[in-house]
Amino acid sequence: MKPDNGQSDHLQRLRQIEAAPAPVYALPSSYPAGHAVAPHHHSRAQLLYPRTGVVMVTSSQGRWMVPPEHALWIPPELEHSVDMIGHVHMLSIYVSPAALPDISANVRVVALTDLARALIVEAVALPQDNTTRSDLVMALLLDEIAKLPEMPLGLPFPSEPRLAALCRSFIENPSPHLVIDEWAGALPMSRRAFTRTFRRQTGLSLSLWRQQACLLSALPRLANGEAVTSVALDLGYDSAAAFTTMFKRMLGAPPRQYFAGTGGSPAS
């Protein structure tokens, strides 16, 4: 990724966010492909919606891919960095902790409802003042944010260095043929001890973590219009059908249906 050459602009944005008097502050931004925003944090939570492009967000809690028609909830004070995959037009909603006190303190990818998407677009277009319309839009948006369904697109990383190294190697070359016994033997651990350790470190089974890693690798390529067959074979699946079965199990719909209406439908 290219380094962040707009550090002064980024610092100015952070000052805007912190100085905003209203409990909800909306801000648009655009970034070229390959742009990287350095690690930072803010006192407000952020709902990050890439209206075009795909972003990768990294923090101590793990790594998250935010594909089309999704958003990422980032809790307040969490240091994170952002990498742009393709040209990204981002709409962000910054929420003071008191405005949504009961919402999750964990990073999570959420699917956007039609109402949430329309409210975000409207919130960004509104003047930053306390008009009645602004108050109504922001209040309804807060209510909708709290109800957005979480999607399995996070990729938590273990803190144990040897496990983390195995995970990083896998991300560089994802495959559906990961074998637990091979990873357990590399540490070395018994299969049972490895399984318990991995779940304790990540909150996921190795099988589910592997599937999510493959999804993270596939989503930006599919969003850019690559053929399902090409992506499936590159990831080591025996056929497009096998990959589609996994994709549907994880995201509730096959690739073509999942991307329908986003402007990024993959080819067959």
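Conventions and cut-offs
Residues numbered from 1 in each chain as written. Predicted model: local features only at pLDDT ≥ 70, side-chain atom pairs only at ≥ 80, totals over all residues. Heavy atoms only, no water. Core = buried A, V, L, I, M, F, W, Y, C linked by side-chain atoms within 4.5 Å. Buried < 20%, exposed > 50% of the residue type's maximum accessible area, 1.4 Å probe, protein only. Helix = DSSP H or I, 4+ residues; strand = E, 2+ residues; numbered from the N terminus. Contact = heavy atoms within 4.5 Å. Expected span 1.5 Å × (residues − 1). Arc of directions from axis to C-beta. Axes fitted to C-alpha atoms, helices over the stretch in contact; angles between N-to-C directions. Parallel < 35°, antiparallel > 145°, perpendicular 65-115°, else oblique. Nonpolar A, V, L, I, M, F, W, Y, C, P; charged D, E, K, R; others polar. Pairing = 2+ DSSP bridges.

A.B. asks: Would you mind going over the nonpolar core in detail, with residue names and values included?
C.D. replies: Among the nonpolar cores identified, the biggest contains 58 residues, and Val55, Leu72, Trp183, Trp209, Phe243, Phe247 and Leu251 are the most heavily contacted of them. In terms of residues, this core owes the most to one element, helix α7 (residues 206-223), which gives ten residues. Ignoring anything within four residues of it in the chain, the contact list for Leu72 reads Gln46, Leu47, Leu48, Val57, Trp64, Val66, Val107, Arg108 and Val109. In this structure, Val24, Tyr49, Leu91 and Leu100 belong to the second largest nonpolar core, which totals 26 residues.

A.B. asks: Outline helix α6 (residues 191-202), supporting the account with residue identities and numerical values.
C.D. replies: Across its twelve residues, α6 extends 16 Å between first and last C-alpha, which sits within 8% of the 16 Å expected from 1.5 Å per residue. Taken together, the buried positions of α6 are Phe194, Thr197, Phe198 and Thr202. Down the axis, α6 shows its buried residues gathered within 105° of arc, on one side only. In α6, the exposed positions angled more than 90 degrees off the buried face are occupied by Arg192, Arg196 and Arg200. Looking at the buried positions of α6, the neighbouring elements they touch are α4 (161-172), α5 (180-186) and α7.

A.B. asks: Which residues make up the environment of Gly53, and what values do they have?
C.D. replies: Residue position: Gly53 is located in strand β3 (residues 45-59). C-alpha separation for the pair Gly53 and His87, spaced 34 residues apart in sequence, amounts to 5.5 Å. With residues up to four places along the chain from it excluded, the contact list for Gly53 reads Val66, Ile85, His87 and Val88.

A.B. asks: Residues and numbers for the packing of α7 against helix α9 (residues 240-251), please.
C.D. replies: Each pair of packed helices can be summarised by the angle the axes make with each other and by the distance between the axes. Orientation of α7 relative to α9, taken along the N-to-C sense of each, is 105°, at an axis distance of 11 Å. With respect to α9, the axis of α7 lies roughly perpendicular. Contacts between α7 and α9 involve Leu208, Gln211, Gln212, Cys214, Leu215, Ala218, Leu219 and Leu222 on the former and, on the latter, Phe243, Met246, Phe247, Arg249, Met250 and Leu251. Here the residues of the contact of α7 with α9 sort into eleven nonpolar, two polar and one charged.

A.B. asks: Kindly report on the pairing of strand β4 (residues 62-66), identifying the contributing residues and their values.
C.D. replies: Burial within β4 is extensive, with four of its five residues counted as buried. Here β3 pairs with β4 via five bridges, running antiparallel. Paired with Met56 across the bridge in β4 is Met65. Counting the residues between successive antiparallel strands, the hairpin from β3 to β4 contains two residues. Sheet analysis places β4 next to strand β9 (residues 154-155), joined by two bridges and oriented antiparallel. Looking at the pairing, Trp64 lines up with Gly154 of β9.

A.B. asks: Explain unusual backbone geometry to me, using residue names and the numbers behind them.
C.D. replies: Cis geometry marks the peptide bond from Leu187 to Pro188; its omega dihedral reads -10°. Tracing the backbone shows Pro188 in the loop between α5 and α6. Although it is not a glycine, Glu77 sits at a positive phi angle of roughly 70°. Position of Glu77 among the secondary structure elements: in the loop between β5 (70-74) and β6 (80-95). By relative accessible area, Glu77 is classed as partly exposed at 49%.

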